[in-house]
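So you can see what is in the structure, the chains are spelled out below.
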Amino acid sequence: MLDERRLRTFAKVVETGSIVRAAEALSFTPPAVSQQIAALERQVGQSLFSRGPRGMELLRAGEILLELSGEALDRLDIAEATMRSLANTMLGPIRVSSFGSAGWSLVPRAFSAHRENYPHTALSYAEAEPEDAIEHVKKDLADVALTYTYDNVPLAQTPTLISELVLREPIGVVLPEGHPLAGNERISLEDLAEESWILGRDETPCTRATRNWAAASGFEPQAHFRSNDYATVFGFVGAGLGIALVPALSLVHRPSGVEYRPIKDGDLARNVWAVVRPPVDGKQPAPLGDLLKNIQRLAWDLVRDQT
């Protein structure tokens, strides 16, 4: 039987690209990591890496082992986390890890509603990007991850976790007050081709989605200002320095001087998901299940009120 510790060490070497960096991440010594890899290679009967001037390069056997062992290790993580949660029957804190715009619009309202029925259940919150939030659930650092995807930039799903759609959140454009297009009830993306755009970092899903939508309308948005923080985006828009596409939840704290208009080109939306570990007996514990229901109900109420 393959040794779990050796497989985890192998996966960390692949992730970091070197024995030294893997040792630092695992709090091992480099010789200890090398010994674990050598023992694993003896166990499987073949080399997993080539060792050259560019560092550790994964061989075909290593690629196959990584693919086959990845889900097994994920399932072990989920099993351990679930058993820890079962041990305290969810009487301990319910921990939510969420992206920012849901964190300051949706989560506080859901927590407040939850306290009415479960005044003695502790609640905690940590902000995280979608992929990090999912890792928090896998490693029992959170019980719920609020994440998002765009239809044209999907997020890789984790088969060992349960993902429930909370909201399909419309995307619209924010404009400075008095902008020539602000008088329109709905705005076409093509009409925004010559505008100065405010985008986030290039690698973020929201920026990639915006670029894909713009490309489908025949143009490349010209971004002179960059921010992943919606408060900053609204500040630049309100100052007349540009326009941006934003999801409806971000509008909860929209300042004066910023106009919002729906987009009339197709169904531009952000999908918000609640990701949890599978329940042991097929049913989520009541406090957690009720919190998820509150999150979904309040999400739709917020979007309706803002748009």
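For the structure itself, look to the data block above.
Summarised in this report is the structure supplied together with it.

Analysis parameters
Residues numbered from 1 in each chain as written. Predicted model: local features only at pLDDT ≥ 70, side-chain atom pairs only at ≥ 80, totals over all residues. Heavy atoms only, no water. Helix = DSSP H or I, 4+ residues; strand = E, 2+ residues; numbered from the N terminus. Buried < 20%, exposed > 50% of the residue type's maximum accessible area, 1.4 Å probe, protein only. Contact = heavy atoms within 4.5 Å. Areas by Shrake-Rupley, 256 points an atom, 1.4 Å probe, with all protein chains shown as cover. Lys, Arg positive; Asp, Glu negative; His and termini not counted. Charge placed at Lys NZ, Arg CZ, Asp CG, Glu CD. Axes fitted to C-alpha atoms, helices over the stretch in contact; angles between N-to-C directions. Parallel < 35°, antiparallel > 145°, perpendicular 65-115°, else oblique. Left-handed = near helix turned anticlockwise from the far one by under 90°. Nonpolar A, V, L, I, M, F, W, Y, C, P; charged D, E, K, R; others polar. Core = buried A, V, L, I, M, F, W, Y, C linked by side-chain atoms within 4.5 Å. Patch = residues over 30% accessible without salt bridge, like charges linked within 9 Å, V, L, I, M, F, W, Y side chains within 5 Å. Salt bridge = Lys/Arg side-chain N within 4 Å of Asp/Glu carboxyl O. Expected span 1.5 Å × (residues − 1). Phe/Tyr/Trp six-rings, centres within 6.5 Å; stacked < 30°, edge-to-face > 60°. Polar contact = N/O pair within 3.5 Å; in protein donor to acceptor, adjacent residues only side chain to side chain.

1. Some points on the overall build of the chain
- Per the secondary structure count, the chain includes ten helices and eleven strands.
- Here the chain holds 307 residues, and 48% of them are scored as buried.
- Excluding contacts between residues fewer than 6 apart, the proportion of contacts in the chain whose partners are at least 24 apart in sequence is 74%.
- Taken as a whole, the chain presents about 15,400 Å² of accessible surface, with 52% of it coming from carbon and sulfur.
- The averaged location of the 40 negative side-chain charges in the chain is 5 Å from the averaged location of its 31 positive side-chain charges.

2. Things to note about the packing of helix α6 (residues 107–117) against helix α10 (residues 286–306)
- Where α6 contacts α10, the axes come no closer than 9 Å and their chain directions differ by 130 degrees. Viewed along their axes, α6 and α10 adopt a mutual orientation that is oblique. Here the hand of the crossing between α6 and α10 comes out right-handed. The segment α6 lies against α10, with R109, A110, F111, A113 and H114 engaging P287, L291, N294, I295, R297, L298 and L302.
- Among the residues making up the contact of α6 with α10, the classes are represented as eight nonpolar, two polar and two charged.

3. What about the environment of I171?
- Position of I171 relative to the elements: it lies in strand β6 (residues 162–176).
- Distance from I171 to L268, taken between C-alpha atoms, is 5.3 Å for residues 97 residues apart in sequence.
- Non-local contacts of I171, meaning those with residues more than four positions away in its chain, are made with Y150, W213, L245, V246, P247, Y260, I263, L268, A269 and R270.

4. Things to note about the nonpolar core
- One finds L146, L189, L192 and L245 to be the most contacted residues of the largest nonpolar core, which totals 50 residues.
- Counting residues per element, the ones that place at least two in this core are β3 (94–98), α6, β5 (144–150), β6, β7 (196–199), α8 (205–216), β11 (269–276) and α10.
- Not counting residues up to four positions away in its chain, the partners in contact with L189 are W197, W213, S217, F219, L245, I263, D265 and L268.
- Counting 15 residues, the second largest nonpolar core, distinct from the first, contains F10, V13, A23 and L65.

5. A few points about unusual backbone geometry
- Positive phi, close to 60 degrees, is recorded for S27, a residue that is not glycine.
- With respect to the helices and strands, the residue S27 is situated in the loop between α2 (19–26) and α3 (30–44).
- Although it is not a glycine, D140 sits at a positive phi angle of roughly 60 degrees.
- Along the chain, D140 turns up in the loop between α7 (130–138) and β5.
- Residue classification places D140 among the buried residues on the basis of a relative accessible area of 11%.

6. Let's talk about a negative patch on the surface
- Side chains of E127, E129, E131, D132 and D229 sit close together on the surface and give a patch of like negative charge.
- Its place among the elements puts D229 in the loop between β8 (222–226) and α9 (230–238).
- A residue is classified by how much of its surface remains accessible, and D229, at 37% relative accessible area, is partly exposed.

7. A short note on helix α1 (residues 4–16)
- Its 13 residues place the ends of α1 18 Å apart at the C-alpha level, agreeing with the 18 Å of an ideal helix rising 1.5 Å per residue.
- If you check which residues of α1 are buried, you get L7, T9, F10, K12, V13 and T16.
- Downstream of α1 by one or two residues, G17 has phi in the positive range, about 85 degrees.

8. Details of the packing of aromatic side chains
- For the coordinates displayed, the defined rule picks out six aromatic pairs.
- Aromatic pair F99 and Y148: ring centres 4.9 Å apart, planes at 80 degrees, arrangement edge-to-face. Linking F99 in the loop between β3 and α5 (100–103) with Y148 in strand β5, this pair joins segments that are 49 residues apart in sequence.
- Taking relative accessible area as the criterion, F99 reaches 3% and is therefore assigned buried.
- Look at Y148 and you get buried, because its relative accessible area is 8%.
- Put simply, the rings of F99, Y148, Y150 and W213 touch in pairs and so form one group of aromatic residues.

9. Things to note about the pattern of salt bridges
- One pass over the full model with this rule turns up 20 salt bridges.
- Ionic pairing is found between R201 and E203, a salt bridge with its closest N-O pair at 2.9 Å.
- According to the relative accessible area criterion, E203 is exposed, its value standing at 52%.
- A cluster of three or more residues bridged by salt bridges with shared partners is formed by D74, E135, K138 and K139.

10. Examining the side chain of H179
- Mapped onto the fold, H179 is located in the loop between β6 and β7.
- A polar contact is formed between the side chain of H179 and the side chain of E195, at a distance of 3.1 Å.
- Each residue touching H179, except ones within four places of it in the same chain, is listed here: E195 and I243.

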